[in-house]
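Residue-level listing of the chains:
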Amino acid sequence: MITLKGKNIFLRALEPNDLEFIYAIENDESVWEISHTQTPYSRFLVRQYLENANQDIYEAKQLRLAICENDDENAIGLIDLFDFDPKNNRAGIGILIKNTNDRNQGIGTEAVGLLINYAFYNLNLNQLYANIDTQNIGSLKLFTNFGFQKIGVKKQWNLVNGIYKDEALFQLIHQIN
């Protein structure tokens, strides 16, 4: 079971008691734009997902971890490695902090730093990428602060509330010293 510990937070594997937290996130229409969700999820489907969440990243091709504050086991966010490609040593990375009060507190920065370190030094990945709405200033700042570089813009990529939005592709290549 994975647990990555930082100064103020830790990342842990998903647990059955995360059901209500994940159910709330998956059914929060305000974040569907980020997750590319279009329909609500039932508790049954979320329970099934949690039952299979223990799959190895090599089998599932993704890793989703709960973000928790050091003094509390309850999740405040999720961070993912997705589209895991062990042949080419790359994966996508995404993060969501549920409550706006927990944003801009350094939690995302610490979580992304922990997962980048894990991806490069435990999974031996060569690169990570992130897809970010060009208007998402917080995420743009978060990822560029870690050295992610914009390598392109996908024009009118996502249809959100009847409006096409651009999505930028950012990439971080592991620099071995």
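Rules behind the numbers
- Residues numbered from 1 in each chain as written.
- Predicted model: local features only at pLDDT ≥ 70, side-chain atom pairs only at ≥ 80, totals over all residues.
- Heavy atoms only, no water.
- Helix = DSSP H or I, 4+ residues; strand = E, 2+ residues; numbered from the N terminus.
- Buried < 20%, exposed > 50% of the residue type's maximum accessible area, 1.4 Å probe, protein only.
- Polar contact = N/O pair within 3.5 Å; in protein donor to acceptor, adjacent residues only side chain to side chain.
- Contact = heavy atoms within 4.5 Å.
- Patch = residues over 30% accessible without salt bridge, like charges linked within 9 Å, V, L, I, M, F, W, Y side chains within 5 Å.
- Areas by Shrake-Rupley, 256 points an atom, 1.4 Å probe, with all protein chains shown as cover.
- Salt bridge = Lys/Arg side-chain N within 4 Å of Asp/Glu carboxyl O.
- Arc of directions from axis to C-beta.
- Pairing = 2+ DSSP bridges.
- Axes fitted to C-alpha atoms, helices over the stretch in contact; angles between N-to-C directions.
- pLDDT = per-residue confidence, 0-100.
- Phe/Tyr/Trp six-rings, centres within 6.5 Å; stacked < 30°, edge-to-face > 60°.

1. So, the side chain of Gln127
On the secondary structure map, Gln127 appears in strand 6 (residues 127-133). Residue class for Gln127 comes out buried when judged on its relative accessible area of 15%. At 2.4 Å, the side chain of Gln127 and the side chain of Gln171 are in polar contact. Gln127 has contacts with Asn89, Arg90, Ala91, Phe120, Gln171, Leu172 and Ile173, leaving out every residue within four places of it along the chain.

2. Notes on a nonpolar patch on the surface
On the surface, Tyr41, Phe44 and Leu45 cluster together into a nonpolar patch covering about 300 Å² of accessible area. Inspection of the secondary structure puts Phe44 in helix 3 (residues 43-52).

3. A word on helix 1 (residues 19-26)
Listed in full, the buried residues belonging to helix 1 are Leu19, Phe21, Ile22, Ile25 and Glu26. Buried residues of helix 1, viewed axially, fall in a sector of 165°; they line one side.

4. So, the sheet that holds strand 6
Taken together, eight strands build an open sheet; the order of strands is 1-2-3-4-5-6-8-7 and the sheet is mixed. Edge positions in the sheet fall to strand 1 (3-5) and strand 7 (149-160), since each of these pairs with one other strand and no more. The mean angle between the axes of side-by-side strands here comes to 25°, regardless of whether they run parallel or antiparallel. For strand 4 (residues 75-85) and strand 5 (residues 90-97), the ladder comprises seven bridges, and the chain directions are antiparallel. For Leu81, the partnering residue across the bridge sits in strand 5 and is Ile93.

5. With respect to the confidence of the model for the protein chain
This prediction gives the protein chain a mean pLDDT of 90; 95% of its residues lie at or above 70. The spread of mean pLDDT over the elements of the protein chain runs between helix 2 (residues 32-35), the lowest at 71, and strand 6, the highest at 97.

6. A look at the pattern of salt bridges
Following the criterion strictly, the structure yields nine salt bridges and no others. Residue Arg12 pairs with Glu73 through a salt bridge whose shortest N-O separation is 3.6 Å. Of the two residues, Arg12 is situated in strand 2 (residues 9-13) and Glu73 in the loop between strand 3 (63-69) and strand 4; the sequence distance between them amounts to 61 residues. The exposure class assigned to Arg12 is buried, which follows from its relative accessible area of 5%. Its relative accessible area of 52% is what places Glu73 among the exposed residues. Among the ionic pairs, Lys165 bridges to Asp133, the shortest N-O distance being 3.7 Å. Here Lys165 is found in strand 8 (residues 163-173), whereas its partner Asp133 is found in strand 6, with 32 residues between them in sequence.

7. Section: the pairing of strand 2
Burial analysis of strand 2 places five of its five residues in the buried class, which makes it a mostly covered element. Examined bridge by bridge, strand 1 and strand 2 share three bridges and lie antiparallel to one another. Bridge pairing in strand 2 links Lys5 to Phe10. Between strand 1 and the antiparallel strand that follows it, strand 2, lie three residues. Where strand 2 meets strand 3, five bridges bridge the pair, whose relative direction is antiparallel.

8. As for the packing of aromatic side chains
Given two aromatic rings, their pairing is described by the distance between the two centres and the angle made by the two planes. Applying the stated criterion across every chain yields a total of three aromatic pairs. Look at Phe82 and Tyr129: their rings are 5.7 Å apart centre to centre, the planes differ by 80°, and that puts the pair in the edge-to-face class. Note that Phe82 is positioned in strand 4 and Tyr129 in strand 6, a separation of 47 residues in sequence. The exposure class of Phe82 is partly exposed, given its relative accessible area of 24%. Here Tyr129 falls in the buried class, since its relative accessible area comes to 17%. Ring plane angle 85° and centroid distance 5.1 Å describe the contact between Phe143 and Phe148, whose orientation is recorded as edge-to-face.

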